[in-house]
Structures are given as structure tokens and as C-alpha cells.
Amino acid sequence: MAGETSITVVGNLVNDPELRFLTNGTAMAKFTVASTPRTLDRDSGQWKDGEPLFLNCTAWRDLAENVAGSLTRGTRVVVHGRLRLSRWETPEGEKRQQHALDVDEIGPSLRFAQAKVTRTTRAKGGDGFTPNDAPDDVWNTAVPADAATASAGF
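The following paragraphs examine the structure supplied in this document. In this text the structure is predicted, and so the values were computed from the model without any measurement.

Rules used throughout
- All residue numbers here refer to positions counted from 1 along the written sequence of the relevant chain.
- Note on the predicted model: pLDDT of at least 70 is required for a residue's local features to be given, and 80 or more for side-chain atom pairs to be given and counted; whole-chain, interface and lining totals, by contrast, use all residues.
- The side-chain figures draw on all heavy atoms in the structure; neither hydrogens nor water molecules are used.
- Here, a strand pair is defined by DSSP locating no fewer than two bridges between the strands.
- The way it works is that DSSP assigns letters per residue, a run of H or I at least four long becomes a helix, a run of E at least two long becomes a strand, and they are numbered from the N terminus.
- Two residues qualify as a contact provided that any one of their heavy atoms is within 4.5 Å of a heavy atom in the partner residue.

Turning our eyes to something else, we now look at the pairing of strand E2 (residues 18-21). Of the strand pairs in this sheet, E2 and strand E3 (residues 27-35) are connected by four bridges, and their pairing is antiparallel. Its bridge partner being in E3, Glu-18 is matched across the sheet by Lys-30. Between E2 and E3, which pair antiparallel in sequence order, lie five residues; one of them, Gly-25, sits at a positive phi of approximately 95 degrees.

What follows covers unusual backbone geometry. Phi at Arg-61 takes a positive value of approximately 55 degrees, unusual for a residue other than glycine. Note that Arg-61 resides in helix H1 (residues 61-70).

Position of Gly-74 among the secondary structure elements: in the loop between H1 and strand E7 (76-89). For the pair Gly-74 and Asn-12, spaced 62 residues apart in sequence, the C-alpha separation works out to 5.3 Å. In contact with Gly-74, not counting residues within four places along its chain, are Asn-12 and Leu-13.

Shown next, in the form of C-alpha cells:
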């Protein structure tokens, strides 16, 4: 939607993602990302940790299932999504608010780790299209530039 605030956060998962299913069968994964800024203290020459940001995140549907099946506590991740503000009142009448992130994209950070990506297969959706119907990866079947220009008569 227009006007939504999108942010990208790099941090570590505080806990294993918790996968749940709503009564209608929709998958939802909840997890928390901790991001702690580090600054160099020029006087001492040492790195200092700042105040950590703990951001509650929610992923939905296939993304939720992929998150729960791929990521674990302590994994450094890059998360992109839409910032959401929730406001409520406690039974004692205190007003509260909390920022959270509706996740659009997430993956492991490769700065200090390696990852192996495995594509998932999906059942046919309402549009009748599955990733298996898609043509093979064009980079796997691409013709080298000099062969393409030779066959085109250049």
C-alpha cells in the first residue's frame, strides 16, 4: 500500500521462529530480531555496543513456513518489511504502543556465514501457475554472446 513505512533491519534472531496456523489454515511465523549498533570510541580505540533494538516480526503464508524451516535462534538475518504500530489499553487503563514488522523478505546474512539455497515446490494455486511451470533458469540455458551474434549474422 502507498504511504507505508518500509525498513530493512540487520540483526540476530532472539529465539526460534514460532510457526502457527490460523483457523483458516494460513501460516504465521512470529520471531524477534535484535539489532545492536556498534560505534568506535575514538579516545579508547575500542568498539562499544549501543542500546539494542528488539523488533517483533511476523511473516505470513509460504514465507512463514520457509522462515520456520530455515532459521534458528542466533542466526544473523536481513529483514525487510512494513513497520506497523499497535496501540492498546491495559485492563488497568494504561495506554501502550509497540512497533512491529510485517515481513516481506528475510534471509540469512552472509557476512559471517554461508548458506545453501533450496527452492521450494508449491501446489497449484488459484491461478493454475506453479514455479514448476516456469521455464528453466534463463542463465542456465543462455547462449554465450559471441555464439548469439554469430547465429544472428553479425
